[in-house]
Amino acid sequence: MKILVLLSRVPYPIEKGDKLRAYNFIKELSKSNEIHLFAVDDCNTKTEHINHLQKYSTSITVVPISRIRKYWNAVKSFIKGQPLQAGYFYSRNINKIFQSKLEEIKPDHIFGQLIRINEYVKNINIPKTIDIQDTMSLNFMRSSQQLKFPKNILYKIESNRLKKYENKIFDNYDNKILISESDREHYPHENRNEIKIITNGVDYDFFKPMERGKDIDLIFTGNMNYIPNIDGSLFLIKDILPLLLKEKPDIRIMIAGATPHNDIKQLESENVIVTGWVEDIRECYARAKVFIAPMRIGTGLQNKLLEAMAMQIPSITTSLANESLKAKANRDILIADNKNELAKHILSLLNDEKMAKDLAMNGYKFVKDNYDWAKAGEDLNKIITNTR
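Presented here is a report on the structure given in the accompanying data block. Since we're looking at a predicted model, the values are computed, not measured.

Within the element layout of this structure, Ser-91 appears in the loop between helix H4 (84–87) and helix H5 (92–105). Note on Ser-91: relative accessible area 9%, which makes it buried. A distance of 3.2 Å separates a polar side-chain atom of Ser-91 from the backbone nitrogen of Asn-93. The residues contacting Ser-91, other than those within four sequence positions of it, are Ile-65 and Tyr-120.

Laid out in structure tokens, this is it:
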């Protein structure tokens, strides 16, 4: 089957969750289909990174969009009463190129990721599947509850507009998929149960246990310009760290990930390392005794948890993050929602080597048993190939 994959970002290099998911879906779908990739590029992706995708794609079209254009698109969307996400990555010039590619390729199916792509395909009469990924309106609503004025107002407005938009576009697609059941439960459409759940996986050949000196006590990873990760980092350092210092004054915490926000950069101290972009995130995981994902806002599955658990790092998170993960508390992972309980879990793992090892091994087994990219790709391929 000839599949045109439409993305709002070039899916390589992988430093964000949507890129990780898109990259692995392309990789898996390419095993039995002819893939044509069309991606909007908002970050001047290097040629060698685009070329990397050629091993999975018959053709690749990457069309740049400038920062000025994106911001102007957002302003226009706001004035029209649309969510910013609907217009942010849209351009009439890019749409002309996309429509031309459709005529040239004549795909059997269009596979798009995130509701951002809807304005390009909403009127196209070709079988379509959209990977909604997360319920974005829920994500923005949760973020609005943690942000300060005036950002909280803007995020609430965006959440309300996204609800209407998510409902409106539902019937534009033959198939809809999400990462987790918890996101499906919050999707704003009466026929939400039609949405298929295809979870993420882990590259177990890449994310595997590594022998390194454990010079970091606690690590948190992710795209550090993403509001849920910014909030998690601030919660970890400003609220949880003071409790840890009472018992372990020499504790070392690493916050690792691309494009750290200024608020995160300012967290650096003798106890806190902020790495920024790292070439191989596995080296950071491998140096750490304990992994934590102190998520208070956000939606979807935390890939960082899958990666850490696959590398046999004992892990801690909140009940919010575990909604999608569905690990068993106190067997596969430790779960708490307030600073005191989270600090208690951290100290327990740092002080009890056997407890940490048992949790790490159980977490590893849980992830191996439940998260697999090959299975996810096979499920997606069935959905697409069975659509006529």
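The subject of this paragraph is unusual backbone geometry. A cis amide bond, omega 5°, links Tyr-12 with the succeeding residue Pro-13. Turning to its location among the elements, Pro-13 is positioned in the loop between strand E1 (2–7) and helix H1 (17–29). For the bond running from Phe-149 to Pro-150, omega is 5°, close enough to zero to count as cis. Topologically, Pro-150 is positioned in the loop between helix H7 (136–144) and helix H8 (151–169). Residues other than glycine seldom take positive phi values, yet Lys-106 does so here, at roughly 50°. As for its placement among the helices and strands, Lys-106 is situated in the loop between H5 and strand E4 (109–113). The phi torsion at Asn-330 lies on the positive side, around 70°, for a residue other than glycine.

What counts and what doesn't
Residues numbered from 1 in each chain as written. Predicted model: local features only at pLDDT ≥ 70, side-chain atom pairs only at ≥ 80, totals over all residues. Heavy atoms only, no water. Helix = DSSP H or I, 4+ residues; strand = E, 2+ residues; numbered from the N terminus. Buried < 20%, exposed > 50% of the residue type's maximum accessible area, 1.4 Å probe, protein only. Polar contact = N/O pair within 3.5 Å; in protein donor to acceptor, adjacent residues only side chain to side chain. Contact = heavy atoms within 4.5 Å.

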